[in-house]
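# Structural features, examined
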Amino acid sequence: MVKPFIIGTRNSREMLHIGAEILRKGGTAMDAVEAATRSVEENPDDHSVGLGGIPNLLGVPQMDASIMDGRTLRTGAVAALEGYLHPISVARKVLELSPHVLLVGPGAALFARAVGFEDTELLTDESRDIYKAFVEDALGSIEDERRREYLVSYVEDYNLRDWYEKLSEEHWGTVNIMAMDAKGDICSGVSTSGLSLKLPGRVGDSPIIGAGNYCDNRVGAAACTGRGEFAIRLSTARAIINRMENGASIREACVWAMRDIHALNEPGGISCLALDRNGNTMSASTRRESTHYYMDVDSEGSEERLGVWVKNKEERT
Ligand code: GLY
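Predicted, not measured: the structure shown is a model, and the values here were computed from it.

## Observations concerning the site of the ligand
In the neighbourhood of the ligand, ten residues make up the surrounding shell, with Thr174, Arg202, Asp205, Gly226 and Gly228 lying closest. Between a nitrogen atom of the ligand and a main-chain N or O atom of Gly226, the distance comes to 2.7 Å. Burial of the ligand by the surrounding chains reaches 100%, relative to a free accessible area of 200 Å². In terms of residue class, the shell around the ligand is made up of two nonpolar, six polar and two charged.

## As for the state of the cysteines
Scanning all chains against the criterion turns up zero disulfides. The structure places no disulfide on Cys215, whose sulfur is separated from the nearest cysteine sulfur, that of Cys187, by 5.9 Å. Just so you know, Cys254 is unpaired, no disulfide at all, and the nearest cysteine sulfur is the one on Cys272, 3.8 Å from it. For Cys254, a relative accessible area of 0% translates into the label buried.

## Re the sheet that holds strand β5 (residues 175–180)
Strand order across the open sheet formed by eight strands is β4-β3-β2-β6-β5-β1-β11-β12, with mixed pairing between neighbours. With partners counted over all chains shown, the strands left at the sheet margins are β4 (102–104) and β12 (303–306), one partner each. Across the sheet, the mean angle from the axis of one strand to that of its neighbour is 15°, orientation sign disregarded. Here six bridges tie β5 to strand β6 (residues 186–192), and the two strands are oriented antiparallel to one another.

Thresholds, definitions, all that
Residues numbered from 1 in each chain as written. Predicted model: local features only at pLDDT ≥ 70, side-chain atom pairs only at ≥ 80, totals over all residues. Heavy atoms only, no water. Near = heavy atom within 4 Å. Polar contact = N/O pair within 3.5 Å; in protein donor to acceptor, adjacent residues only side chain to side chain. Areas by Shrake-Rupley, 256 points an atom, 1.4 Å probe, with all protein chains shown as cover. Nonpolar A, V, L, I, M, F, W, Y, C, P; charged D, E, K, R; others polar. Disulfide = S-S within 2.5 Å. Buried < 20%, exposed > 50% of the residue type's maximum accessible area, 1.4 Å probe, protein only. Pairing = 2+ DSSP bridges. Helix = DSSP H or I, 4+ residues; strand = E, 2+ residues; numbered from the N terminus. Axes fitted to C-alpha atoms, helices over the stretch in contact; angles between N-to-C directions.

No statement about biological role is implied by the geometric values presented.
Spelled out as structure tokens, the structure:
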């Protein structure tokens, strides 16, 4: 039997300690993943997730999140959710209370309110300042009331793709957290404010099951960060699980998925995080040294684990 454990793409604000403590007390993998993710969502210093996340082109933060239960394969997700501090918890309620798997935009907000979440201002002074600096730099000193009109014509003139290519790596950020509990059940969660300064309504891979998140007790879990469009096009999270299902090791499956991203031969990259049912963990990235963080129920602190930096090569494994 594998010792209950939790892993994440980072360990800000002791998020893994929060999750490991829940597992230590006999809590479920889903409880641990949700609590750990919430601690990232409420961190105003993290500009890629939840409170303080960089807003969209119109200055409005829009959140994407998903959670998946590896025992039942039930999932809940929200996309382009505005005004709620904990998208991961709203996603969990979609899983638990609705017959659906994904709610978007105003419908997701309506659902959040209906099931008892309070609406919240997600812009912080800092994220507002980052947005203002972008607007002045990219759009010139354009008055607020004209911005929407300007952006519509910008999109209509097809400049958006050019602008998109100018975005740097720091415009993508997402937290992936996954856990296995004492029963051997696996849960994986993903939360993000998505691509910074995105076109309103743009949805990344994080709430798309199979793209940015997937989990199955019989195999393991996989999730992504980075340029979500790639993970959607390649069903990256599901592809990693497929590979493992067909006999690849967790490392081979992650490396193959990153090579598949390189094969697109387009600017931008993806990183992935995975675990298998035997308790092995792995991370990989097309763009940098890859690390992830691990804690089990006996750990005193979190352990940083090295993953694989998959550099661009022609051949695939
Ligand atoms: N991977 C996060 C996003 O593309 O929104």
